[in-house]
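Secondary and tertiary structure notes
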Amino acid sequence: MNATIQVNSKKYKVDLNKPLDISMPLRASKSNANAWYIGAPEIQPVEIDDWVASVKKGASINFNTIQFNPHAHGTHTECVGHITEKVYSINKCLKKFFFVAELITVAPELQGEDYVISKQQIQFLLKRKMPQALVIRTMPNTTDKKSRQYSNTNWAYLTEEAAEYLKTKNIQHLLIDLPSVDKEKDNGALLAHKAFWDYNGTLRKEATITEFIYVPNKISDGSYILNLQIAPFENDASPSKPVLYKIE
Ligand SMILES: N[C@@H](CC(=O)c1ccccc1NC=O)C(=O)O
C-alpha cells in the first residue's frame, strides 16, 4: 500500500506495508525495561472468589488487569502536563499523528561525570533540516536497552542548551531511547523538559516528548514519516507506539 503525503509543496512517498516500529514491547517481567525505582509491570487475571479469569484456569475468556507506570516501564509519550501543576492531558495535547521526522544517531559525550547530548552534536547532525519530529538514537545501541534496569545508573541526557535549540528549531515532537531527556537525579530541575516545552515562557502545549523508544540498528539515519499513536489515557503521559515509514 503506497501513499503520497504532501506537506506544504513537498511530496513524500511511503510504503505503508513497511512499518518500522520504534516502540518497545511492555512485558510483565522483571526483564522489562525499568526506571524510577519501582517494580516490574504486572499482568494478572481478575479473580473473584474461586473464579480466575484465565482460559487456562477454566474460564471462557482471558481477562487481565494490568498494572504499570507509563514513565517507568516503556515507550511513552508525554505532554507539558508532566511538569505543571495545571492538568494537561496527552490525549488532549496530541491531536495529529503523522509528522515529518528525522532520525539521528548520537554518541553522548563526557561532561564531568555525566554523558550528555549537546547542542553542537544535534546541530551537526541536523544540518539545515527542519523536521516536525526528531528521533534520537543513542550509542551504543545494543538490544539490551529493551530490558535494561536504569534505576541509579545516571543515564545520558540532553543538555538544557540542546533542548532550547530544538525549541528554537520549532521541533514539535522529540523522541529518544533513554528513560528521560533529563539527568536521573537533578533535584527536580528538569532543565531539558522545561527548555523544550518553554516552561518559563509560552507553554508549548502541543509539543510532546517520547521516551524509552528503541530504534533497531537496521533502521538507518535519515528522513521518515512518523506515525505517533498513544493509548487514549487522560493523563500527562500514555504508553505509545511510534512507527516510522521510510521516504522512498
Ligand atoms: N530527575 C528528577 C526526578 C524525576 O524526573 C522523576 C522521578 C520519579 C519518577 C519520574 C521522574 N521523572 C520522569 O518521568 C529528580 O531528581 O528530582
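Rules used throughout
- Residues numbered from 1 in each chain as written.
- Predicted model: local features only at pLDDT ≥ 70, side-chain atom pairs only at ≥ 80, totals over all residues.
- Heavy atoms only, no water.
- Salt bridge = Lys/Arg side-chain N within 4 Å of Asp/Glu carboxyl O.
- Helix = DSSP H or I, 4+ residues; strand = E, 2+ residues; numbered from the N terminus.
- Buried < 20%, exposed > 50% of the residue type's maximum accessible area, 1.4 Å probe, protein only.
- Near = heavy atom within 4 Å.
- Polar contact = N/O pair within 3.5 Å; in protein donor to acceptor, adjacent residues only side chain to side chain.
- Areas by Shrake-Rupley, 256 points an atom, 1.4 Å probe, with all protein chains shown as cover.
- Pairing = 2+ DSSP bridges.
- Contact = heavy atoms within 4.5 Å.
- Axes fitted to C-alpha atoms, helices over the stretch in contact; angles between N-to-C directions.

Looking up the protein chain in an unreviewed UniProt entry gives the name Kynurenine formamidase, with the organism given as Bizionia paragorgiae.

For the coordinates displayed, the defined rule picks out 10 salt bridges. Between lysine 145 and aspartate 177 there is a salt bridge; the shortest N-O distance is 2.7 Å. In this pair, lysine 145 is assigned in the loop between strand 12 (133-138) and strand 13 (157-158) and aspartate 177 in the loop between strand 14 (173-176) and helix 5 (191-197), connecting sequence segments 32 residues apart. The pair lysine 145 / aspartate 177 is uniform in exposure class, with both members buried. One connected set of salt bridges, linked through shared partners, spans Glu164, Lys167 and Asp198.

The full set of residues close to the ligand is Trp36, His71, His82, Lys183, Glu184, Lys185, Asp186, Asn187, Gly188 and Leu190. The backbone of asparagine 187 places a nitrogen or oxygen atom 3.3 Å from an oxygen atom of the ligand. Coverage of the ligand by the protein chains reaches 69% of its 410 Å² of free accessible surface.

Attention now goes to unusual backbone geometry. Cis geometry is adopted by the peptide bond preceding proline 140, which originates at methionine 139 and carries an omega value of 0°. Topologically, proline 140 is positioned in the loop between strand 12 and strand 13. Positive phi is not limited to glycine here, since tyrosine 37 has a value of about 65°. Here the phi dihedral of aspartate 49 falls at roughly 50°; this positive angle occurs in a residue that is not glycine. The residue aspartate 49 is located in the loop between strand 5 (47-48) and strand 6 (51-52) in this model.

Moving on: the sheet that holds strand 13. In spatial order, the strands read 10-11-13; together these three strands make up an open sheet with mixed pairing. The sheet is open, and its two edges are formed by strand 10 (109-111) and strand 13, each paired on a single side. Two strands pair when backbone bridges link them, and strand 11 (residues 114-117) and strand 13 are joined in this way by two bridges, in the parallel orientation. Following the sheet pairing, isoleucine 117 is matched in strand 13 by leucine 158. On top of the sheet, helix 3 (residues 119-126) reaches strand 10, strand 11 and strand 13; it is set at about 35° to strand 11, its chief contact.

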